[in-house]
Amino acid sequence: MTQQDEYTPPKVWKWDNQDGGKWTSTNRPIAGPTHEKELPVGKHPMQLYSLGTPNGQKVTIMLEELLALGESGAEYDAWLIKIGDGDQFGSGFVDINPNSKIPALLDRSENPSVRVFESGSILVYLAEKFGHFLPTERAARTEVLNWLFWLQGSAPYLGGGFGHFYTYAPVKFQYPIDRFAMETKRQLDVLDRRLAETRFLSGDEYSVADIATWPWYGNLARGAQYGDAGTFLEVQSYENVQRWTKEIWDRPAVQRGRKVNKLSGEPWEQLHERHDASDFDTKTQDKLEAAE
């Protein structure tokens with residue numbers, strides 16, 4: 001189909017394994033497992049099954065922030081789920097998340113164990129369990145949740161919209177790229193205007209709203225998302241977003257959390273699985289390659 005071709009939808013849509021680009025094999029119009037596969041279980045209270053995408057980074061950053069505050073109950077095993085291989089459709093993963101999307105968390109410190117899925121839900125669960133990054137006073141809590149839910153509703157336009165058509169789609173079409181570039185820039189402007197007023201998204205305090213938003217819009221602002229998208233979207237022009245991005249980037253817990261379950265980038269950025277705090281010093285890909 002060329003840019004000029006017009007698509008006329010059939011009366012009833014049929015799935016014929018359409019070419020969706022890089023992620024074709026992971027997309028299907030039905031739910032449920034495709035194969036039997038138990039999930040591994042490690043030694044820590046928290047068992048995370050994930051991949052180092054922006055949604056995955058939200059949770060590993062949160063866990064590392066909690067550990068930095070001395071919350072030993074937030075110790076975790078981070079198991080790699082290769083979504084390109086269909087790991088998310090294994091029966092064990094589907095038992096934790098029937099939606100077959102990363103990340104998924106199992107809290108084994110509770111009896112019985114508690115499953116938590118959807119990244120925003122995981123952040124709220126951990127914040128409430130440990131008492132950090134989500135205020136209890138009603139107005140302050142509501143402002144944090146305003147921005148957390150803003151992110152949960154907005155990021156699909158950045159990822160599944162702009163990111164897909166700009167980077168992953170098998171054919172580039174101007175209309176969807178223009179449509180989602182416009183929306184992404186509008187969202188960046190929303191953030192920039194807010195961050196002109198406050199240090200962090202909900203005010204003066206760092207919160208789950210920042211932890212959720214930074215892996216999407218902070219990485220975009222750094223030019224580290226979707227190839228040359230930063231240039232295309234002129235991300236440097238959003239000065240308040242850039243200030244916020246750098247301040248969060250400089251947090252040691254963010255530096256650690258963004259590496260976990262990551263399969264791309266420089267070798268020093270990739271810690272495919274995390275089972276101990278020392279893994280950051282010994283098991284990133286550059287350390288493993290040097291030891292071979």
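Quick note: structure is the one above.
Residues numbered from 1 in each chain as written. Predicted model: local features only at pLDDT ≥ 70, side-chain atom pairs only at ≥ 80, totals over all residues. Heavy atoms only, no water.

Asker: Please set out the packing of aromatic side chains residue by residue, giving values where relevant.
Answerer: Pairs of aromatic rings are described using the distance from one ring centre to the other and the angle between the two planes. Tallied over the full model, the rule gives twelve aromatic pairs. For the ring pair Trp214 and Trp249, a centre distance of 6.3 Å and an interplane angle of 25° mean the geometry is stacked. Taken together, the residues Trp214 in helix α6 (residues 208-221) and Trp249 in helix α8 (residues 239-249) connect sequence positions 35 residues apart. We classify Trp249 as partly exposed; its relative accessible area is 22%. An aromatic cluster is defined as three or more aromatic residues linked by ring pairs; in this entry it consists of Phe162, Tyr166, Tyr168, Tyr226 and Phe232. When the ring centre of Phe89 is taken as origin, the NZ or CZ atom of Arg28, which lies over that ring, is 4.3 Å away. Note that Arg251 overlies the ring of Tyr206, its terminal NZ or CZ placed 3.8 Å from the centroid. (Phe/Tyr/Trp six-rings, centres within 6.5 Å; stacked < 30°, edge-to-face > 60°. Helix = DSSP H or I, 4+ residues; strand = E, 2+ residues; numbered from the N terminus. Buried < 20%, exposed > 50% of the residue type's maximum accessible area, 1.4 Å probe, protein only. Lys NZ or Arg CZ within 6 Å of the ring centre and 35° of its normal.)

Asker: Provide a residue-level description of the side chain of Gln270, including the pertinent values.
Answerer: One can find Gln270 in the loop between α9 (252-257) and α10 (279-282). What makes Gln270 buried here is its relative accessible area of 9%. Of note is the side chain of Gln270, whose polar atom sits 2.9 Å from the side chain of His272. Setting aside anything within four residues of it in sequence, one finds Gln270 in contact with Lys259, Lys262, Leu263, Ser264, Gly265, Lys283, Thr284 and Gln285. (Polar contact = N/O pair within 3.5 Å; in protein donor to acceptor, adjacent residues only side chain to side chain. Contact = heavy atoms within 4.5 Å.)

Asker: Kindly report on the pairing of strand β1 (residues 46-50), identifying the contributing residues and their values.
Answerer: Of all five residues making up β1, five are buried, and the element is well covered by its neighbours. Neither face of β1 is exposed, since Met46, Leu48 and Ser50 on one face and Gln47 and Tyr49 on the opposite face are all buried. A crossover connection joins β1 to the parallel strand β2 (residues 76-80) through helix α1 (residues 54-68); in handedness this β-α-β unit is right-handed. The pairing of β1 with strand β3 (residues 104-107) spans four bridges and is classified as antiparallel. Paired with Leu48 across the two strands is Leu105, which belongs to β3. (Right-handed = clockwise from strand over helix to strand, strands pointing away. Pairing = 2+ DSSP bridges.)

Asker: Account for the pairing of β2, with residues named and values stated.
Answerer: Successive side chains on a regular strand alternate, one facing one side of the sheet and the next facing the other. With respect to burial, β2 is a largely interior element, five of its five residues being buried. Here β2 shows two buried faces, one formed by Tyr76, Ala78 and Leu80 and the other by Asp77 and Trp79. Bridging between β1 and β2 involves five bridges; their strand directions are parallel. Residue pairing in the sheet places Gln47 in a bridge with Asp77 of β2.

Asker: Talk me through the nonpolar core; I want residue IDs and the actual numbers.
Answerer: Ranked by size, the top nonpolar core spans 62 residues in total, and within it Met62, Leu126, Phe162 and Val208 carry the most contacts. Among the elements that line this core, the one with the most residues is helix α4 (residues 138-168), at ten residues. Residues Leu51, Leu80, Ile83 and Leu106 belong to the second largest nonpolar core, which totals eleven residues. (Core = buried A, V, L, I, M, F, W, Y, C linked by side-chain atoms within 4.5 Å.)

Asker: Now, about the pattern of salt bridges: what can you tell me, with residues and values included?
Answerer: For the coordinates displayed, the defined rule picks out 20 salt bridges. Two residues, Glu269 and Lys262, come together in a salt bridge whose shortest N-O distance is 4.0 Å. Taken together, the salt bridges that share partners define one network made up of Glu64, Glu75, Arg256 and Arg274. (Salt bridge = Lys/Arg side-chain N within 4 Å of Asp/Glu carboxyl O.)

Asker: Mind laying out the environment of Leu123, listing which residues take part and the relevant values?
Answerer: Tracing the chain through its elements places Leu123 in helix α3 (residues 119-130). Leu123 gets classed as buried once you look at its relative accessible area, which sits at 0%. When the C-alpha atoms of Leu123 and Pro156 are compared, they prove to be 18 Å apart, with 33 residues separating the residues in sequence. When neighbours within four sequence positions are excluded, Leu123 is seen to be in contact with Lys58, Val59, Met62, Leu148, Val208, Ile211 and Ala212.

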